[in-house]
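Next come the chains, spelled out residue by residue.
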Amino acid sequence: MRGVFVDANEALAVIMEGLEKPGDPKVRIHRDPDIKPEQYPEILDGAEIAIVDHTALPTEVAKQCAGLKHVVFLGTGARSYMNPEELAELGISVHLIKGYGDTAVAESAIALMWASARVIAMMDREMRGGNWLREDGMQLTGKTLGLIGFGGIAAEVARIASGSGMKVIAWNRSPKSHPGVTFTDLDTVLAKSDVVSLHLLLNDETRGMITREKIFAMKPGIILINTARAAVVDEAAMIDALKSGHIRHAGLDVFNTEPLPGDHPLTKLPNVTLSAHSAFRTPEASENLIEAAWVHCRRIVKG
């Protein structure tokens, strides 16, 4: 049984090679992160396992991949790139990797929160343009952070935020408990939080879940952080709330269209801090990710 890492950037390729062990299944590394979906059949060349970082796998393309039985997706957001149910009907199993970057993403969410509260990116831009902009920031000590969705990343965010003197409340679809976190209903989180941070997987239930109504149910002057998936939020409503000031500032790492076009409305708003879907990108998280991919490959081969 053979595998192919279809869209490896150089950093992940080097880690993949470094973590290979004697007796591991044969995995060929295709060192090109910018492949097109229609290249899958040629790149896989009959391999049973595709390791995928970020390249969409349309169902119609998967039908052309002779021999493909397993997709090891490097992360949890496979639904943004493929339809697991349709692939299952073709006999192709999709394997996810959870928890590899919980600390990395949490630290990025916290960084976006602080940058948003103190409008650091805005002042940086203005100073580079010769304008000595001095803005009042929001002091976060004593403020309430509301977490929507509570898994491993949110637990790390709660740990860091609690240590910095914030009160942490949370809503989760299933009952949860965690030291230092008060769990409550969604309406209370929206109404009581000074900062809302999203930590939801994208699925049929969560797509568009943060509606216009929910955005405007948030406390006026809210800071909104999204390191989860853009599609859980009504983007047009978020932009309207940013323009009106109902959302004081948004820190965003995820977008409906990636890469984000240079003329996108979000790039024109001063009260938005943007990062290029990089919350998970640390050497530590990358090693965790690739080690988990090898574990999947070894398990698949052993049956």
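Counting starts from 1 at the beginning of each chain's written sequence and moves along it residue by residue. Local features in a predicted model are, by the rule used here, given only for residues with pLDDT of at least 70; side-chain atom pairs are given and counted only at 80 or more, and totals for whole chains, interfaces and linings are based on all residues. Each side-chain value is worked out from all heavy atoms of the structure, with water and hydrogens disregarded.

*Asks:* Would you mind showing me how to read the overall build of the chain here?
*Replies:* Comment: elements are numbered from the N terminus, with helices defined as DSSP H or I runs of at least four residues and strands as E runs of at least two. Helix and strand counts for the chain stand at 11 helices and 12 strands. A globule of 303 residues ought to have a C-alpha radius of gyration of about 19 Å, and the chain, at 21 Å, matches this closely. If you line up the chain on its principal axes, its C-alpha atoms span 60 × 45 × 35 Å. Relative to its full complement of 303 residues, the chain shows a buried share of 48%. Taking the contacts inside the chain whose residues are at least 6 apart along the sequence as the reference set, 63% of them involve residues at least 24 apart. Areas reported here follow the Shrake-Rupley algorithm with a probe of radius 1.4 Å; residue values treat only the protein chains shown as occluding. Approximately 14400 Å² of the chain is accessible, and the part contributed by carbon and sulfur atoms is 51%. Taking the average location of the 32 positive side-chain charges in the chain and that of its 38 negative ones, the two points are 4 Å from each other. The size measure is the radius of gyration over C-alpha atoms, and the globule rule it meets is 2.2 Å times the number of residues to the 0.38 power. The rule is simple: take the accessible area with a 1.4 Å probe, protein chains only, and divide by the maximum for that residue type; under 20% is buried, over 50% is exposed, in between is partly exposed. Residue contacts are defined here by distance: any two heavy atoms, one from each residue, within 4.5 Å place the two residues in contact. For the purpose of counting charges, residues Lys and Arg are taken to be positive, whereas Asp and Glu are taken to be negative. His and the chain ends are not included. By convention, the charge on Lys lies at NZ, on Arg at CZ, on Asp at CG and on Glu at CD.

*Asks:* I keep staring at empty space enclosed by the protein and nothing clicks. Help me out?
*Replies:* Over the atoms rolls a probe the size of a water molecule, and in doing so it shows where empty space is left. Every definition here rests on a 1 Å grid over the protein atoms only: cavities are sets of points where a 1.4 Å probe fits but cannot get out, pockets are open sets enclosed by protein on both sides within 12 Å along at least five of seven lines, and lining residues have some atom within 4 Å of a point. Grid points are joined across faces, edges and corners, and a volume is the space filled by probe spheres set on the points. All told, the structure shown has one cavity of 30 Å³ or more when counted by the stated rule. Along its surface, the largest cavity is lined by Asn 226, Ala 230, Val 233, Glu 235, Met 238, Leu 252, Val 254, Phe 255, Asn 256 and Leu 266. For the lining of the largest cavity, a count of residues per class yields seven nonpolar, two polar and one charged. Three residue categories are used. Nonpolar comprises Ala, Val, Leu, Ile, Met, Phe, Trp, Tyr, Cys and Pro, charged comprises Asp, Glu, Lys and Arg, and polar comprises the others, including Gly.

*Asks:* What is the right way to read the layout of surface pockets from this model?
*Replies:* Quantified by volume, the second largest pocket comes out at close to 160 Å³. Forming the boundary of the second largest pocket are 13 residues, of which Asn 9, Leu 12, Phe 280, Arg 281 and Ser 286 lie nearest the centre. Of all the secondary-structure elements, those providing two or more residues to the lining of the second largest pocket are α1 (10-18) and α11 (283-302). Looking at the lining of the second largest pocket residue by residue, the classes come out as eight nonpolar, three polar and two charged.

*Asks:* Quick question: what am I supposed to make of helix α10 (residues 235-244) here?
*Replies:* Every α-helical turn comprises 3.6 residues, leaving residues that sit three or four positions apart pointing alike. Among the residues of α10, those classed as buried are Ala 237, Met 238, Ile 239, Ala 241 and Leu 242. Identification of polar contacts relies on pairs of N or O atoms within 3.5 Å, with a donor-acceptor requirement for protein atoms, meaning one able to donate a hydrogen and the other able to accept it, and with residues adjacent in sequence counted only if both atoms are side-chain atoms. You can read the cap of α10 off the contacts: a side-chain oxygen lies 3.2 Å from the backbone nitrogen of Ala 236, and it is on Asp 234. Two residues or fewer after α10 comes Gly 245, characterised by a positive phi angle close to 90°.

That's the geometry; what it means functionally is another story.
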